[in-house]
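Summary of structural features
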Number of protein chains: 2
Amino acid sequence: MKITFVLHILGALLICLSLSLLTPIPFALYFHESTISTFAESALICLVSGLVMMKLCAGKKELSLREGFAVVSFGWLFFALFGALPYLLSGSIASPLDAVFETMSGFTTTGSTILTEIEHLPKSILFWRAMTHWIGGMGIIVLSLAILPMLGVGGMQLFQAEVPGPTADRLKPRIQDTAKLLWGVYVILTVAETLLLMAGGMSFYDGLCHAFATLATGGFSTRNASVAAYDSGYIDAVITLFMFLAGVNFSLHYYALKGRVGEYFRNEEFRFYLFITVGATAVLMWFNQGVVYESVIDNLRYSAFQTASILTTTGFGTADFELWPVLTQYVLVFLMFIGGCAGSTGGGMKVARILLLFKHGLVQVYRLIHPRAIKLVKLGDQAVAPEVMQSILGFFALFMGVFVAASFLLAATGMDLVSSGAAVIATLSNIGPGLGTVGPVDNFAHVPAFGKAVLVLCMLLGRLELFTVLVLFLPSFWRR
Amino acid sequence: MKITFVLHILGALLICLSLSLLTPIPFALYFHESTISTFAESALICLVSGLVMMKLCAGKKELSLREGFAVVSFGWLFFALFGALPYLLSGSIASPLDAVFETMSGFTTTGSTILTEIEHLPKSILFWRAMTHWIGGMGIIVLSLAILPMLGVGGMQLFQAEVPGPTADRLKPRIQDTAKLLWGVYVILTVAETLLLMAGGMSFYDGLCHAFATLATGGFSTRNASVAAYDSGYIDAVITLFMFLAGVNFSLHYYALKGRVGEYFRNEEFRFYLFITVGATAVLMWFNQGVVYESVIDNLRYSAFQTASILTTTGFGTADFELWPVLTQYVLVFLMFIGGCAGSTGGGMKVARILLLFKHGLVQVYRLIHPRAIKLVKLGDQAVAPEVMQSILGFFALFMGVFVAASFLLAATGMDLVSSGAAVIATLSNIGPGLGTVGPVDNFAHVPAFGKAVLVLCMLLGRLELFTVLVLFLPSFWRR
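Residues numbered from 1 in each chain as written. Chains lettered and ligands numbered in written order. Predicted model: local features only at pLDDT ≥ 70, side-chain atom pairs only at ≥ 80, totals over all residues. Heavy atoms only, no water.

Details of the environment of Leu 417 of chain A
As a reminder of what qualifies: The helix and strand labels rest on DSSP assignments: H or I over at least four residues marks a helix, E over at least two residues marks a strand, and numbering proceeds from the N terminus. Contacts were defined at the residue level, with two residues in contact if any of their heavy atoms lie within 4.5 Å.
Mapped onto the elements, Leu 417 of chain A comes out in helix α19 (residues 417-428). With 10 residues separating them in the primary sequence, Leu 417 of chain A and Ser 407 of chain A have C-alpha atoms 8.1 Å apart. Beyond its immediate chain neighbours, meaning those up to four positions away, Leu 417 of chain A contacts Val 326, Gln 329, Tyr 330 and Leu 435 of chain B.

Section: the environment of Met 104 of chain A
Residues and elements named next belong to chain A. Heads up, the rule is: When a residue's accessible area, from a 1.4 Å probe over protein chains only, is under 20% of the maximum for its type it is buried; when over 50% it is exposed; and in between it is partly exposed.
As for its position among the elements, Met 104 is in helix α6 (residues 96-107). We classify Met 104 as buried; its relative accessible area is 1%. Here the alpha-carbon distance between Met 104 and Gly 339, two residues 235 residues apart in the chain, equals 19 Å. Residues within four places of Met 104 in sequence aside, it is in contact with Trp 76, Leu 77, Ala 80, Val 456, Met 459 and Leu 460.

Some details on the interface of chain B and chain A
For clarity, the cut-off: For salt bridges, the criterion is a side-chain nitrogen of Lys or Arg within 4 Å of an Asp or Glu carboxyl oxygen. Here a polar contact means two N or O atoms within 3.5 Å. Within protein one must be a hydrogen donor candidate and the other an acceptor candidate, and residues neighboring in sequence count only if both atoms are side-chain atoms.
Chain B puts 47 residues into the contact, and the matching count from chain A is 47 residues. At the boundary of chain B with chain A, the tally comes to 0 salt bridges. Applying the counting criterion to the chain B and chain A interface returns 6 residue pairs in polar contact (both at pLDDT 80 or more). Secondary-structure elements contributing two or more residues to the side of chain B that touches chain A are α4 (65-82), α16 (326-338), α17 (351-369), α18 (386-412), α19 (417-428), α21 (467-470) and α22 (475-478) of chain B. The element best represented in the side of chain B that touches chain A is α18 of chain B, accounting for 14 residues.

Observations concerning the packing of aromatic side chains
Cut-off, in case you're wondering: Between 30 and 60 degrees the pair is tilted, below 30 it is stacked and above 60 it is edge-to-face, where a pair is any two Phe, Tyr or Trp rings, Trp via its six-membered ring, whose centres lie within 6.5 Å. Charges are assigned to positions over rings by a cutoff of 6 Å between ring centre and Lys NZ or Arg CZ, combined with an angular limit of 35 degrees from the ring normal.
In total, this model carries 62 aromatic pairs over all chains according to the counting rule given. Seen from their ring centres, Phe 31 of chain A and Tyr 205 of chain A are 5.2 Å apart, and the 75 degrees between their planes marks the pair as edge-to-face. Of this pair, Phe 31 of chain A sits in the loop between α2 (25-30) and α3 (36-56) while Tyr 205 of chain A is found in helix α10 (residues 204-215), placing the two residues 174 residues apart along the sequence. A residue is classified by how much of its surface remains accessible, and Tyr 205 of chain A, at 5% relative accessible area, is buried. Put simply, the rings of Phe 27, Tyr 30, Phe 31, Phe 127, Trp 134, Trp 183, Tyr 186, Phe 204, Tyr 205, Phe 212 and Phe 250 of chain A pair up and form one aromatic cluster. We note Arg 129 of chain B situated over the ring of Phe 220 of chain B; from NZ or CZ to the ring centre the distance is 3.9 Å. Geometry around Tyr 230 of chain B places Arg 223 of chain B over its ring, the cationic atom sitting 5.0 Å from the centre.

Don't take any of this as a statement about function, it's just geometry.
See below:
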């Protein structure tokens, strides 16, 4: 592996980042905020750094597999480092670690925050905060597919690196075209949600920020009370719908926009995702009815919102579910591990993996009494190749291993058991809020510095599906 | 599958149980207790039931695979039902469900109790309670290997059913001989521990009961305060040592008794088990030193005891670890999932499985950058066959699935999150005490009836390594 090739691409990515750092400036102008120089300076630093890296380090047409992995992992890391500049330069966040935490939380579409008073910040800074979500959200599927090929990087190996998950319905045509198509779907959904939110009384600014955070399954809001601040059934319904959509494989949306709506239901992962959403909402409503909510409509509104918010790993809040019956919290914790569909912007282990794990377990039991039967695990009509199944099972084992190890490190900082575990799953599954002292109405400000660093790594590990980052820790990765 | 063949064997097993029900009678005589008729009646009911079943249902020389599974699962269930008779007939436990809970906890060597006042019970009843441990403990490896072949049942398929875990060092000679050898090891260790405990001031009765509970990794004590009641560093040390030994693959002890002590260290699972024990003790000592214990000797004494007790899934207590620093509790919860070595009397997922899961995860990461390399997971010098690895991974997924589902059912009875999860892992891993309201100084009496039934199933599932029981739930198991 040649580190110079990697740095060359990272330089190019920084130049792209510098452009996106200019987007909050119109809002700074509109709201008469003094952050114009903040963003201009941040963009300049990124631009110069990027140019220097590109000049000093030679690039090449095709990246090797290892270089591909390095670009993906370090790309996200560089974005989190340089994307933190506006927070620091504007004085919105004093500590560099906190600023990186907030930015990594943005670009990994996690939504965990260290801010205690969101509404005190300049609106242009909060727009940048939402923007990190939007860039990161589709980034996982599209960004490096549309931009890196332009830089002469072969796309396919990176597509593997970005989405090692089971993607049965991967679109077939050329990667670069695919990227553009999915990007189009993403933009259309973002525009649609913004308009629908504005129809419910939100300003253009609030609508756009919340649409960014929804479609990316991020969860940063512009309000302290998150979506609860609007106290509108209509807005809750719109956001619930779009959170659900953001958790679906985007290639299915593409087919639907082409008129092939039936593809949704031909997709086994989607059917299981729908089943979990409806099932979990029903269980939440069952236990909340008469205890937390008297009206069935209210119950549906809040139960469905919380289900979609946690399952899709968005993390918006309209209710403090820590005040709900214990069983509903249990369901929500379970959803935290599942996450969205493969090929969506959602995090977690992914619905398809959970489905395949369950099927694999059943096949193992079946084999005990039919030892000579050959029974493969299927997803839809397609048999899952043994190597893919091995990889999924390995992912599950590693996911639980990382969860245990990171929770241990958090507990070592003195946090209680529930909060440690919840903080880790909230970041590892890219959700946002957890339980305990990092619950839906709390934040991560109080987590000790060492714990924050661990959680930043968790966000990155979770977003890049573990393997992509863990591979960098193999000694043999760096050899030769 | 012919259910009559299964009932025939179960009848024979009940006749064996009736004999073991006579063993507490000498203690009833010695302590002048009025429980002689209790045990005589219990034994008679078992004997008559067993004879009727054997008469009414025809047997056969060789059992099919399915019949083997049915014998194992229903065998444990029948023992839990009929073994509960002394509790009910003596009035020691009023509720039949509670009595079955206590007996299942005994035969599965779990050690969870619904008793609130242990020392009020007749000593002969407490002896029976310890006896259920002793029978169940070696039962998992030996009992049905020594008895069922005598009944003309082919042993090998049952050995598979009993121990589906990875047992690389399975002894080679004929199963029946193996069973007798391991039974010998078990008896020798039990006698040795009894004598050592008596040397520390325990009565023969107390020594024997605690040796039964230790070697079986059960955890039932004859005292309310468990082993803490003796408040002796010597006794703590003896029990710590024997708990550790009970968590080791018994075939290694057999080799050691034959003079081949080096086999311990040639066994990779043993080395990892030793590493976990020493490592966890060190971590516990690190966080307890100066906080809970001032003296290093005291710290070692209590930290090592609790580590061995939880890791081997015994569940004896000498300290209330819920008062320890949060991080030590985290370590103990982690140990709860691991359990003892394959081929030991310990429960949990087993050290070998955890080790192989970890290795499998590493291999998956390695494969990403060496996609064409063929790298198999090894245990010791032996490559693990892909089917075995698939089975282990399936076991892990099912274990977590059962843990989640059962915790959900417990939480549905109104228990809090931590206690629900802890109660399930405490029974599923056959440990005994958990955390929260089922912690080391609490008991399971307060768990609602439905929750107790779920936990009884968890004990059985965990003890028979999931597959053996789950296979009975497949519709195709009962077809034809």
